[in-house]
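Per-entry structural report
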Amino acid sequence: MTIEAFIQALLDRGIELTSKQINQFKRYYELLIEWNEKINLTAITQEEEVYLKHFYDSLMALWLSPIEDKPLTLCDIGAGAGFPSIPMKIVYPQLDITIVDSLNKRIQFLNVLIDELQLDNVTAIHARAEEVGQDRRYREHFDIVTARAVAALNVLGEYCLPLVKKGGYFVALKGQRAQEEIEEATKAIQVLGAKLEEVKTENLPIEESERTIITIRKTLNTPRKYPRNAGKPNKQPIK
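Below you will find a few notes about this structure. (Residues numbered from 1 in each chain as written. Predicted model: local features only at pLDDT ≥ 70, side-chain atom pairs only at ≥ 80, totals over all residues. Heavy atoms only, no water.)

**Looking at the overall build of the protein**
Stated formally: Where helices and strands are cited, they refer to DSSP runs of H or I of at least four residues and of E of at least two residues respectively, numbered from the N terminus. Radius of gyration here is computed from C-alpha atoms only, and the compact-globule reference equals 2.2 Å multiplied by the residue count raised to the power 0.38. Three labels apply to residues, based on accessible area from a 1.4 Å probe with only protein chains included: buried if under 20% of the type maximum, exposed if over 50%, partly exposed otherwise in between. In short, Shrake-Rupley with a 1.4 Å probe defines the accessible areas, and a residue's cover is counted only from the protein chains shown. The positive count covers Lys and Arg only, the negative count covers Asp and Glu only, and His and the chain ends enter neither. Charge coordinates come from a single atom per side chain, which is NZ of Lys, CZ of Arg, CG of Asp or CD of Glu.
Looking only at helices and strands, the protein has 10 helices and 7 strands in total. Compactness check: the protein gives a C-alpha radius of gyration of 17 Å against a globular reference of 18 Å for 239 residues, within 12% of the reference. Within the protein, the fraction of its 239 residues that count as buried is 56%. For the protein, the accessible surface area stands at approximately 10,900 Å², while carbon and sulfur atoms represent 44% of it. Taking the average location of the 31 positive side-chain charges in the protein and that of its 34 negative ones, the two points are 10 Å from each other.

Okay, structure coming up:
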């Protein structure tokens, strides 16, 4: 996907990028490639592939979930190089973003990226999701929590739902195995105080691979025992 095709594809979705936003995406790509030589951020490095498989892919949730260009608080778990939350922030500047990642080198990259792109109200935290979920400053604090390509949905639910405020949403960006993951996560979603709200599927342009956006609404407070200690959700998912 060329930069021009990226701009047009978003325009077709009712999103008209300003020159500032276009330049922010260009600088994002430059920094991603520059830092990728120092630390492993992505295996995808060709410009057209980054625009398609990282930037556009991240933004698909904007028209397939309840995320809006409002001062919503959004937490991105395991964002790595900033996906999906930084592309979302560029397009929807009013979002108040908190990014959580367990690798400090990635947090260092994100802090440079946030500064270079002059993004306000974006905070990057070096921590595990299990720790943040039990932190009173963040627990049940966010309007929306997102995650992309981090873990299976039954594990992700335990990472993310304790951070969602009652009435808020957990938005998971998934690929082709989404329906199977939803079935496996049915018990976990219920136990964690949430309800499956909506599942929307759309193909990524050009390569036509399937993408699924799963929206889960928080209906009750999550029991205090969740998330469990670091590593436990992944080793012993709720079943």
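Past the structure itself, the notes keep going.
**With respect to helix α3 (residues 47–59)**
Formally: An expected span of 1.5 Å times one less than the residue number is assigned to each helix.
Given a rise of 1.5 Å per residue, 13 residues ought to cover 18 Å, and the 17 Å separating the end C-alpha atoms of α3 matches this to within 8%. Buried within α3 we find Val50, Tyr51, Leu52, His54, Phe55, Tyr56, Asp57, Ser58 and Leu59.

**Quick word on the side chain of Thr42**
Spelled out, the test is: Two N or O atoms form a polar contact when they lie within 3.5 Å of each other; inside protein one atom must be a possible hydrogen donor and the other a possible acceptor, and for residues adjacent in sequence the pair counts only when both atoms belong to side chains. In what follows, a contact means two residues having at least one pair of non-hydrogen atoms within 4.5 Å.
As for its position among the elements, Thr42 is in the loop between α2 (19–36) and α3. There is a polar contact of 2.9 Å between the side chain of Thr42 and the backbone nitrogen of Ile44. The residues contacting Thr42, other than those within four sequence positions of it, are Leu32, Asn36 and His54.

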